[in-house]
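# Fold and geometry: a report
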Amino acid sequence: MDAAICETVSAPTNIAVIKYWGKKSVALNTPINSSVSVTLNQDDLKAVTTVAASTEWTEDRLWLNGTEEDIRGSKRVQTCLREVRRLARDRVVGGRVVVRKEDWPKYGVRIASANSFPTAAGLASSAAGYAALVAALAKLFCVEEEYPGQLTAIARQGSGSACRSLYGGFVEWTMGAREDGADSIGRVIADEKHWPELRALICVVSSAKKDTSSTTGMSTSVKTSPLLGYRAAALVEPRLAEINAAYRARDFETFGRITMQDSNQFHATCLDTYPPIFYMNDVSKSIIRVVHAINAHAGRVRAAYTFDAGPNAVIYALADDLLDVLAALLIYYPAVGAAYVSDPAMNAAARRRSLPADLLEMLERTGRTPRAGDVKKIYVTTAGDGPRSLPAAECVLDAEGNPKVDYKPKMKTSEPSLAQRACAAAADEGAAVVAALAAVAVAVAALCAAVVAFGAATSEGLALLVA
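Residues numbered from 1 in each chain as written. Predicted model: local features only at pLDDT ≥ 70, side-chain atom pairs only at ≥ 80, totals over all residues. Heavy atoms only, no water.

### Remarks on the overall build of the chain
For the record, the criterion: Numbered from the N terminus, helices here are DSSP runs of H or I no shorter than four residues, and strands are runs of E no shorter than two. When accessible area is computed with a 1.4 Å probe and restricted to protein chains, residues below 20% of their type maximum are described as buried, those above 50% as exposed, and intermediate ones as partly exposed. Note that accessible areas follow from Shrake-Rupley with a 1.4 Å probe, and for residues the cover is restricted to the protein chains shown.
Within the chain, the secondary structure is distributed over 12 helices and 18 strands. Counting across all 467 residues of the chain, residues that qualify as buried make up 52%. If you sum the accessible surface of the chain, you get close to 20,500 Å²; carbon and sulfur atoms cover 56% of it.

Here it is as structure tokens:
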């Protein structure tokens, strides 16, 4: 494999706060409504894709997480390849023309991609994957856009939300009006540096592939859900304008409220679909109750949940509120393993955090029973940038053009040390003690209230006898 004709790129996932659900054109993969999302930091979650070209390869090939996929049977991949190849220019490396534009048809392409997070589990893995694919192909073929956002229009034809992962920060996917879909593109509302205090906790409830794919679910909802049509026609645009303004103003109260309302409405359209689609499970619903308890205690929005097409929760919060939110989650969704929380320092700080007794009482009323294993992992992350070019050392293909065995994307955080594991184990015991003490405190408070009530009743009875 010629290293001069190879590119490796990483791309982030994104989590929509105004959801896209339903296609206006299946052929062009355009949506029935606009949407907007936060691009997450790829130091924590990303897809890494290598593309290489050679005249010795007679056909294109694709591997995903080490498994070869049928590239000829994938219309979406073929569309991305065709559209990027159409824009190919001379490849110049070190001032030397390595491949002339007219010679590209002689080259076969090999693609290898790997995710650092679960695939097809409702965490927008396809968005990261297709964004990385298009960005890597564009670099390989030395593409220059004919108009702003053209590459996002190509990525959209692979996976709709991929058009948002080609940019960092807060990114809108504009529905567009043109028949050819050329104006159905991603655009930046605010870059990744705009709101440095914004944080996200990703609770992986299940890493399994979902029962109903997004493509199938959308198609069924469009055909059978009257609520979906009304939402797209009457509700999305005003809500989109409001949340865009809130993000620009760094107004978390409004941002959080709309984020939760739109998530609830999206899943309501899934329930309104016939037959109904269930993406959330009982653990997902318990997380919703915990978040609302935290907010009710504060009298403001401290945390805001959203769920894509899957059971996994993304909880947005500001930096000053993050520790309390994470501490509550660790009590009611205890750790499984030393690497349960992706950020060891944040994990340790949250475990040491003491929550107010009245908040613990409100959390107790949610009905959630602490149980390890209901949440498999918690990622702590921020808003992040768009695709990055990576060095040759992170290439997913080996020197022969085959996928590297057991390739894992390099991440910011490493496996915890033995000392960290020991501290985490001790913290687990401490968290259990805190939870037990909290339950005792709630019981004692209830007993005291009963005693006071009994005393009051007794005094009243004695007063009546004296009278």
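### Some points on the nonpolar core
Here is the rule: To define a nonpolar core, start from buried Ala, Val, Leu, Ile, Met, Phe, Trp, Tyr and Cys residues and group those joined through side-chain atoms within 4.5 Å.
If you look at the biggest cluster of nonpolar residues, it comprises 108 residues, and the most contacted ones within it are Phe170, Phe255, Ile287, Ile315, Tyr316, Leu363 and Ile378. Top element by residues in this core is helix 2 (residues 125-140). It accounts for 11 residues. In terms of nonpolar packing, the next biggest core, distinct from the first, is built from 12 residues, Val48, Trp63, Cys395 and Val396 among them.

### With respect to unusual backbone geometry
The step from Tyr274 to Pro275 runs through a cis peptide bond, and the omega angle for that step is -10°. If you trace the backbone, Pro275 turns up in the loop between helix 7 (252-272) and helix 8 (282-298). Even without a glycine there, the phi angle at Cys142 is positive, about 55°. Looking at where Cys142 falls in the secondary structure, it is placed in the loop between helix 2 and helix 3 (150-156). For Cys142, a relative accessible area of 19% corresponds to the buried category. In this structure, Asp406 takes a positive phi of about 55° despite not being glycine. Residue position: Asp406 is located in the loop between strand 18 (388-389) and helix 12 (418-466).

### Structural notes on the packing of aromatic side chains
The condition is simple: For this analysis, a ring pair means two rings from Phe, Tyr or Trp (six-membered ring only for Trp) whose centres lie within 6.5 Å, classed as stacked if their planes differ by under 30 degrees, edge-to-face if by over 60, and tilted for the remaining angles. To sit over a ring, a charge needs its Lys NZ or Arg CZ within 6 Å of the ring centre and within 35 degrees of the ring normal.
Inspection of the entire model under this criterion finds 14 aromatic pairs. Ring centres of Trp21 and Tyr279 lie 5.9 Å apart, and the angle between their planes is 85°; on these two criteria the pair is classed as edge-to-face. In this pair, Trp21 sits in the loop between strand 2 (14-18) and strand 3 (23-25) while Tyr279 sits in the loop between helix 7 and helix 8, placing the two residues 258 residues apart along the sequence. Like Tyr279, Trp21 is buried. Here Trp195 and Phe255 contribute two aromatic rings whose centre-to-centre distance is 5.6 Å and whose plane-to-plane angle is 70°, an arrangement assigned as edge-to-face. Here Phe255 lies in helix 7 and Trp195 lies in the loop between strand 13 (186-190) and strand 14 (198-204), a separation of 60 residues in the sequence. We note that Trp195, like Phe255, is buried. Of the aromatic side chains, those joined through ring pairs into one cluster are Phe170, Trp195, Tyr247, Phe252, Phe255 and Tyr316. Positioned above the aromatic ring of Tyr379 is the side chain of Lys377, whose terminal nitrogen or guanidinium carbon lies 5.4 Å from the ring centre.

### Points about the sheet that holds strand 14
For clarity, the threshold we go by: Strands are labelled as partners when DSSP assigns at least two bridges between them. An axis is simply a line fitted to the C-alpha atoms; with a helix, the fit covers only the stretch in contact. Between two such axes, the angle follows the N-to-C directions and lies from 0 to 180 degrees. Here a residue-residue contact requires only that any non-hydrogen atoms of the pair lie within 4.5 Å.
Spatial strand order, 15-16-14-17: 4 strands in an open sheet with antiparallel pairing. Lying at the two open borders of the sheet, with one neighbouring strand each, are strand 15 (303-307) and strand 17 (377-382). The sheet shows a mean angle of 25° between the axes of neighbouring strands, direction not considered. Two strands pair when backbone bridges link them, and strand 14 and strand 16 (residues 313-318) are joined in this way by 6 bridges, in the antiparallel orientation. Its bridge partner lying in strand 16, Leu198 is registered against Leu318. Contacts between helix 9 (residues 319-332) and the sheet are confined to strand 14, strand 15, strand 16 and strand 17, with strand 16 contributing the most and set at about 140° to the helix.

### Here's the deal with helix 8
Put simply, the test is: Each helix should span, by expectation, one fewer than its residue count multiplied by 1.5 Å. Pairs of N or O atoms are called polar contacts if they sit within 3.5 Å, as long as, within protein, a hydrogen donor faces a hydrogen acceptor (for residues adjacent in sequence, only side-chain-to-side-chain pairs).
For helix 8, with 17 residues, the first-to-last C-alpha span of 25 Å sits near the 24 Å given by 1.5 Å per residue. Buried residues of helix 8: Val283, Ser284, Ser286, Ile287, Ile288, Val290, Val291, Ala293, Ile294 and Asn295, and no others. Buried residues in helix 8 make contact with strand 14, helix 7, strand 15, strand 16, helix 9 and helix 11 (357-364). Two to three positions downstream of the cap, the backbone nitrogen of Val283 sits 3.0 Å from a side-chain oxygen, assigning the N-cap of helix 8 to Asn281. Gly299 sits one or two positions beyond helix 8 and adopts a positive phi of about 75°.

### Quick look at the pattern of salt bridges
Operational definition: A carboxyl oxygen of Asp or Glu within 4 Å of a side-chain nitrogen of Lys or Arg is what we treat as a salt bridge.
With the rule as written, the count across this model stands at 22 salt bridges. With a closest N to O distance of 3.3 Å, Asp103 and Lys106 form a salt bridge. By relative accessible area, Asp103 is classed as partly exposed at 24%.

### What about helix 1 (residues 75-86)?
Between its terminal C-alpha atoms helix 1 stretches 16 Å, which fits the 16 Å expected from 12 residues at 1.5 Å a residue. Where helix 1 is buried, its residues touch strand 7 (61-64), strand 11 (108-115), helix 2 and helix 3.

### Structural notes on the packing of helix 9 against helix 10 (residues 344-352)
Test applied: Oblique is the label for any angle not covered by the other classes, which are roughly parallel (under 35 degrees), roughly antiparallel (over 145) and roughly perpendicular (65 to 115). Residues are grouped as follows: Ala, Val, Leu, Ile, Met, Phe, Trp, Tyr, Cys and Pro are nonpolar; Asp, Glu, Lys and Arg are charged; every other residue, Gly included, is polar.
Contact geometry of helix 9 with helix 10 gives a least axis separation of 8 Å together with a crossing angle of 75°. Regarding the angle of helix 9 to helix 10, the classification is roughly perpendicular. Only Met346, Asn347, Ala349, Ala350 and Arg351 of helix 10 make contact with helix 9, whose side of the interface consists of Leu322, Leu323, Leu326, Ala327 and Leu330. Here the residues of the contact of helix 9 with helix 10 are counted per class, giving 8 nonpolar, 1 polar and 1 charged.

### Thoughts on the sheet that holds strand 11
Adjacent strands of a sheet pair through backbone hydrogen bonds, lying either parallel or antiparallel. Here 6 strands make up an open sheet; going across it, the order is 8-7-11-6-1-18 and the pairing mixed. Each edge of the sheet is formed by a strand with only one pairing partner; in this case those strands are strand 8 (67-69) and strand 18. Bridging between strand 6 (residues 46-54) and strand 11 involves 8 bridges; their strand directions are antiparallel. The residue bridging Thr50 from the neighbouring strand is Ala112, located in strand 11.

### A few points about the side chain of Gln265
With respect to the element layout, Gln265 can be found in helix 7. Polar contacts involving the side chain of Gln265 include one to the side chain of Arg231, which spans 2.9 Å. With sequence-adjacent residues up to four places away left out, Gln265 is seen in contact with Arg231, Leu235 and Arg239.

### Quick word on the environment of Val92
Within the element layout of this structure, Val92 appears in strand 9 (residues 91-93). Exposure remark for Val92: the relative accessible area of 46% places this residue in the partly exposed category. In the structure, Val92 is positioned 50 residues away from Cys142 in sequence and 8.2 Å away in space, judged by C-alpha atoms.

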